[in-house]
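Examining the three-dimensional arrangement
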Amino acid sequence: MIQDIGEHVYNNHFEHREAMPGSYVLHYAGDTVLCKLEGGVIEVPRLSDFAVEPPLQYLFAIDGENFFLARSEQVSLGGFSYETVARLRAAEPQHLLFAVVTGWQLFRWYEANRYCGRCGHPAQAAPTSRELCCPACDLVIYPKIAPGVIVGVIDPATERIILTKYAGRAYTRYALVAGFAEIGESLEQTVAREVMEEVGLKVKNLVFYKSQPWSFSDTLLVGFYCEVDGATAITVDRSELKEASWLGRDEMPDRAEDKVSLTGEMMRRFRSIGNAVLEG
Ligand SMILES: [Zn+2]
């Protein structure tokens, strides 16, 4: 998955650090990032690549290499261009892809919170932590992380799983039932509600699988498998989905090319071991 960066170590401890010429600089413009992309290999500029040092905000480190967010208008840098972040999903090396995507979530959060949402005063970085704070009214602004669930609904009697396709989106591959947690509900309740809303079924025996930071949509995804409870006839929510069906292991796409998403891993796991996914 996108956060599985092998031997590399992601350090998100927050502090204010000074940039050095070799520091990585993440420079975003809207949904694009300044990088080199050749043959699927991504390269992120270092501070020494910039003729003029932009205003910088320390973000995080990987293997002791510091990543800074540039806070300036678009720049022109020889050999580098602005590439759409969402199209970099298969880029290598994965630890740089992870840095670019994670930095993009932070960039969008900083951009959306330049002013206090309560009183309109310019927000400031807190001295020792990631939060922003308002010096006028003391509002504390925390990074935006929206929890959501991914659900593999299994019918053990026929060893099939529900796969869905979303309506009205560019991304049209098979997926699992998924959705965001609402305020005031537990993740278990989110699972029950989303499955009922999307396919009209009851579920039982939830088994937690894994979680995943998914910075493309400011999400922390939590993956569960569960069993259908009672009737198995699907009622598709046509406003949200265009297709949902029970598929057996041999009927599923293998999603072998998708190395970054929890959805892909959960689908491959069911395809590989079937009902055993319910054993945790
Ligand atoms: Zn305020």
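Let me begin by describing the structure that accompanies this report. Given the structure is predicted, the values throughout are model-derived calculations rather than measurements.

Next up on the list: the overall build of the protein chain. Tallying secondary structure elements over the protein chain gives three helices and 17 strands in all. Dimensions of the protein chain, computed from the C-alpha atoms along their principal axes, are close to 65 × 50 × 35 Å. For the protein chain, buried positions account for 46% of its 280 residues. For the protein chain, the proportion of contacts with a sequence separation of at least 24, taken over those separated by at least 6, is 66%. Here the protein chain has roughly 13,700 Å² of accessible surface; of this, 50% comes from carbon and sulfur atoms. Seen as two clouds, the 27 positive and the 38 negative side-chain charges of the protein chain have centres 3 Å apart.

Turning to the environment of Lys 144, a few remarks are in order. With respect to the element layout, Lys 144 can be found in the loop between β11 (140-141) and β12 (146-155). Owing to a relative accessible area of 52%, Lys 144 belongs among the exposed residues under this scheme. For Lys 144 and Val 44, which are 100 residues apart along the polypeptide, the C-alpha to C-alpha distance reads 25 Å. Aside from chain neighbours lying at most four places away, what touches Lys 144 is Gln 105, Trp 109 and Asp 218.

Looking at the element boundaries, Tyr 166 is found in strand β13 (residues 160-166). Overall, Tyr 166 belongs to the buried group, its relative accessible area being 9%. When the C-alpha positions of Tyr 166 and Leu 176 are compared, they lie 9.9 Å apart, and in sequence the two are 10 residues distant.

Definitions and cut-offs
Residues numbered from 1 in each chain as written. Predicted model: local features only at pLDDT ≥ 70, side-chain atom pairs only at ≥ 80, totals over all residues. Heavy atoms only, no water. Helix = DSSP H or I, 4+ residues; strand = E, 2+ residues; numbered from the N terminus. Buried < 20%, exposed > 50% of the residue type's maximum accessible area, 1.4 Å probe, protein only. Contact = heavy atoms within 4.5 Å. Areas by Shrake-Rupley, 256 points an atom, 1.4 Å probe, with all protein chains shown as cover. Lys, Arg positive; Asp, Glu negative; His and termini not counted. Charge placed at Lys NZ, Arg CZ, Asp CG, Glu CD.

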